[in-house]
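For reference, the chains in residue letters:
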Amino acid sequence: MEKQQQQEITEYILRHREEFQNKLLSEAVEVAGKIQDILQSGNIDLLKNAEKIVKYVVKGKETELISFAEQEGVAWAKHSLTLTLKLEWVHAIRRTIWHYLFEYDQQNTHGLSISEYRDWFFKMEMRINDGLDKFLNSFFLSYSAYKDELINTQRKMVEHLSVPIIPISPYIAVLPLIGVIDVYRIDTIEEKVLTDISKMKVRTLILDLSGITDMDIEVIHHFQRMMSGVSLMGCEAVITGLRAELVRKMIHLDVSFDEYASTKGTLQQTLTDYFQEL
């Protein structure tokens, strides 16, 4: 009986597709004016997608609903469509479903007792409201995950560009570092350094730290481990430009790079020394 009613309600809405769409557009004024723009920019047919949501919600097809919500989240994030429009659209779908459910109820005799009808009504209310809430939740999670991944990818790209390993001879390269190095950035530096040593066949890497304003304790220890990695790859590391503030912090932490790298005062003097040797 319940499945039959779900099917009947779905078919009732689809038989009145044009009226349903007009009602939906009247409920979502802001979205209605952007329907064509969204279709053109993201190839997202909101009216067609709304029909699919209605089918999944009314019939209680949770797996299909959540999967579709995740697809929608990625599509909206990919084309930078605003969340406020999506929120307005889904709430408009909710109101429109209830409008047509009321019409269906007025035009059909269910042959149910009052208690049976009440039970049917509350089950339908729970299915519709829970279904749309789950759709929104899955949509927002998918949207957010895609945006976070995009931001991380872009940040990683920028960070890689900010780690310029400059070859100054076939086997010698310089890495000038500037600004604050946090935990995320030291990971990027380590990855870039070890990869480029192998790729460029660097035998001597000169790391100029004169532009480094600060390093916290965790970063200093990570930097020390990175120097160990450079050494393990058969590359000589030379550190130049250590600031007094950073040296004092290292002394208090009892941290030294002596085991894995040599230190010199300035980059200019280091390059002069190396070129004289060449």
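This report concerns the structure included in the present document.

Cut-off values and rules
- Residues numbered from 1 in each chain as written.
- Predicted model: local features only at pLDDT ≥ 70, side-chain atom pairs only at ≥ 80, totals over all residues.
- Heavy atoms only, no water.
- Phe/Tyr/Trp six-rings, centres within 6.5 Å; stacked < 30°, edge-to-face > 60°.
- Helix = DSSP H or I, 4+ residues; strand = E, 2+ residues; numbered from the N terminus.
- Buried < 20%, exposed > 50% of the residue type's maximum accessible area, 1.4 Å probe, protein only.
- Lys NZ or Arg CZ within 6 Å of the ring centre and 35° of its normal.
- Pairing = 2+ DSSP bridges.
- Contact = heavy atoms within 4.5 Å.
- Axes fitted to C-alpha atoms, helices over the stretch in contact; angles between N-to-C directions.
- Core = buried A, V, L, I, M, F, W, Y, C linked by side-chain atoms within 4.5 Å.
- Right-handed = clockwise from strand over helix to strand, strands pointing away.

It is worth spelling out the packing of aromatic side chains at this point. A full pass over the atoms with the stated rule returns 10 aromatic pairs. Centroid distance Tyr12 to Tyr100: 6.5 Å. Interplanar angle 55°. Geometry classified as tilted. Here Tyr12, found in helix α1 (residues 2-15), pairs with Tyr100, found in helix α7 (residues 83-107); they are 88 residues apart in sequence, far enough to count as distant. Tyr12 gets classed as buried once you look at its relative accessible area, which sits at 3%. With a relative accessible area of 5%, Tyr100 lands in the buried category. An aromatic cluster of three or more residues is present, and its members are Tyr56, Phe68, Trp76, Phe135, Phe139, Phe140 and Tyr143. Sitting over the face of the ring of Tyr171, Arg203 holds its NZ or CZ atom 3.7 Å from the ring centroid.

Quick look at the sheet that holds strand β4 (residues 236-240) now. Strands pair in a sheet through their backbones, by hydrogen bonds, and they do so in one of two ways: parallel or antiparallel. Spatially, 5 strands are ordered β1-β2-β3-β4-β5 in an open sheet, and the strand pairing comes out mixed. Edge positions in the sheet fall to β1 (166-167) and β5 (261-264), since each has one partner strand and no second. Alignment of strand β3 (residues 204-215) against β4, held across 5 bridges, turns out to be parallel. Within the sheet, the bridge partner assigned to Ile206 lies in β4 and is Val238. Contacts between helix α10 (residues 217-232) and the sheet are confined to β2 (172-181), β3, β4 and β5, with β3 contributing the most and set at about 180° to the helix.

Next up on the list: the nonpolar core. Residues Trp76, Trp89 and Ile93 are the most contacted members of the largest nonpolar core, which totals 42 residues. Looking at which element gives the most residues to this core, the answer is α7, with 9 residues. Ignoring anything within four residues of it in the chain, the contact list for Ile93 reads Leu24, Ala50, Ile53, Val54 and Leu132. Counting residues in hydrophobic clusters, the runner-up holds 30 residues, among them Ile165, Phe223, Met226 and Ala261.

For the rest of this paragraph, the subject is the pairing of β3. Within β3, 9 of the 12 residues are buried, leaving the element largely enclosed by the surrounding structure. Pairing between β2 and β3: 9 bridges, direction parallel. Its bridge partner being in β3, Ile172 is matched across the sheet by Thr204. Crossover handedness for the path β2 to helix α9 (residues 183-200) to β3: right-handed. Assessed by its sense of winding, the connection that carries the chain from β3 through α10 to β4 is right-handed.

Our focus in this paragraph is the pairing of β4. Counting buried positions over the 5 residues of β4 gives 4, a clear majority of the element. Note: β4 against β5, 4 bridges, orientation parallel. Looking at β5, one finds that Ile239 is bridged to Thr263.

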